[in-house]
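Structural overview
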Amino acid sequence: MDTNKPATAYDNRLGLKGWMYAGRYSFERYLYLGHRLSGLGLIAYMILHIIETANRIRGEEAWAELMALFASPPFRVIEYLLFAMAVFHAMNGVRLMLIELGFFLGKPTEPVYPYSTSVLRHRPLTYVIMFLTILVIFFGGSSLFFD
Amino acid sequence: MRETRLWSLHILVIPILAILLGMHFALMHYSPVFYGTSVEEAREFGTMIERGRNVAQFLLYILFLAAGLYHGLYGLRGILRELPLTPALVKVVDTGVLLLGLAIFALGTYVTWWTFSAKIGG
């Protein structure tokens, strides 16, 4: 096999579609997808946020106009979505770090059918973390909308 | 080894980001809960300039900027590098992401410094 060939030579590549579906993806796989998408959203926002807050250099009036725009209902919804993305990304990141460090994976066992995989062994942790994520997104969001 | 170091740094900045992002959210989005002031007050020009003159705030924001940009852009680089790129395009991605990061960091640092040294309002 020619290892110098670019990967495009393979015809089994699913590309971006493969992120979404390639058959029997587990719950964790969709969390991985969510982690990526929220990460991309957050870095895009961070860059835009740095650029827009640079507006302060134009003076008090320009700043006040910008803040009035951000106080409008559409921007409050966007702000809430950003908050939700940040919470999801952080909480799922905690799960990933715990697994990366070897927690909640159980001890290695003989591969006897029905197989017990590390993914299944840490799934209770996944459910707990996702439940907490939903709680934080729900209750944290309420104070963004109601001062 | 270089990639291991870059990845380790990506992981090591997480606690810094978690703390500083939490503080940023508390200050700018949850000020009624944590500081007893309205969000609008927290975002007023004068209040923002006053806060920005604080040395600790200045240093923490530079750290936040560096940590956030590094963590985010390293993640972006990883996603882009998964594409079927030629070695030349991998270099374009690496250099492009680095330059973008440096440009945004320079802008953010300049604005933070401008706020820190602002003469507005005495």
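To start, this report covers the structure provided alongside it. Just so it is clear, the structure is predicted and the values come from calculations on it, not from any experiment.

Quick notes on the rules
- Residues numbered from 1 in each chain as written.
- Chains lettered and ligands numbered in written order.
- Predicted model: local features only at pLDDT ≥ 70, side-chain atom pairs only at ≥ 80, totals over all residues.
- Helix = DSSP H or I, 4+ residues; strand = E, 2+ residues; numbered from the N terminus.
- Buried ≥ 20, exposed ≤ 12 C-beta atoms within 10 Å, placed from the backbone.
- Contact = placed C-beta atoms within 7 Å.
- Rg over C-alpha atoms; globule rule 2.2 N^0.38 Å.
- Nonpolar A, V, L, I, M, F, W, Y, C, P; charged D, E, K, R; others polar.
- Axes fitted to C-alpha atoms, helices over the stretch in contact; angles between N-to-C directions.
- Parallel < 35°, antiparallel > 145°, perpendicular 65-115°, else oblique.
- Left-handed = near helix turned anticlockwise from the far one by under 90°.

Observations concerning the overall build of chain A
Secondary structure summary: chain A contains six helices and zero strands in total. Overall, chain A shows an N-to-C arrangement of helices and strands of α-α-α-α-α-α. Buried residues in chain A amount to 11% of all 147 residues. Across chain A, every contact between residues at least 6 apart in sequence was considered, and the portion connecting residues at least 24 apart equals 66%.

Digging into the overall build of chain B
The number of helices and strands found in chain B is six helices and zero strands. Since a compact globule built from 122 residues should have a radius of gyration of about 14 Å, the 18 Å found for chain B marks it as more spread out than a globular shape. Projecting the C-alpha coordinates of chain B onto the three principal axes gives extents of approximately 55 × 30 × 25 Å. Across the 122 residues of chain B, 18% fall into the buried class.

Side note on the interface of chain B and chain A
Across the boundary between the two partners, chain B contributes 27 residues, which contact 28 residues of chain A. When contributions to the side of chain B that touches chain A are tallied by element, the ones reaching two or more residues are α1 (2-28), α2 (31-34), α3 (39-42), α4 (45-52), α5 (55-81) and α6 (87-116) of chain B. Partitioned by chemical class, the residues of the side of chain B that touches chain A number 17 nonpolar, eight polar and two charged.

Observations regarding the packing of helix α2 (residues 27-53) of chain A against α5 of chain B
Look at α2 of chain A against α5 of chain B: their axes get within 10 Å of each other, and the N-to-C directions meet at 130 degrees. The orientation of α2 of chain A relative to α5 of chain B falls into the category oblique. Viewed along their axes, α2 of chain A and α5 of chain B form a crossing whose handedness is left-handed. Facing α2 of chain A, whose interface residues are Arg36, Gly39, Leu40, Leu42, Ile43 and Met46 of chain A, α5 of chain B presents Gly68, Gly72, Leu73, Gly75, Leu76 and Ile79 of chain B.

Section: the environment of Leu59 of chain B
Mapped onto the secondary structure, Leu59 of chain B falls in helix α5. Distance from Leu59 of chain B to Trp113 of chain B, taken between C-alpha atoms, is 9.7 Å for residues 54 residues apart in sequence.

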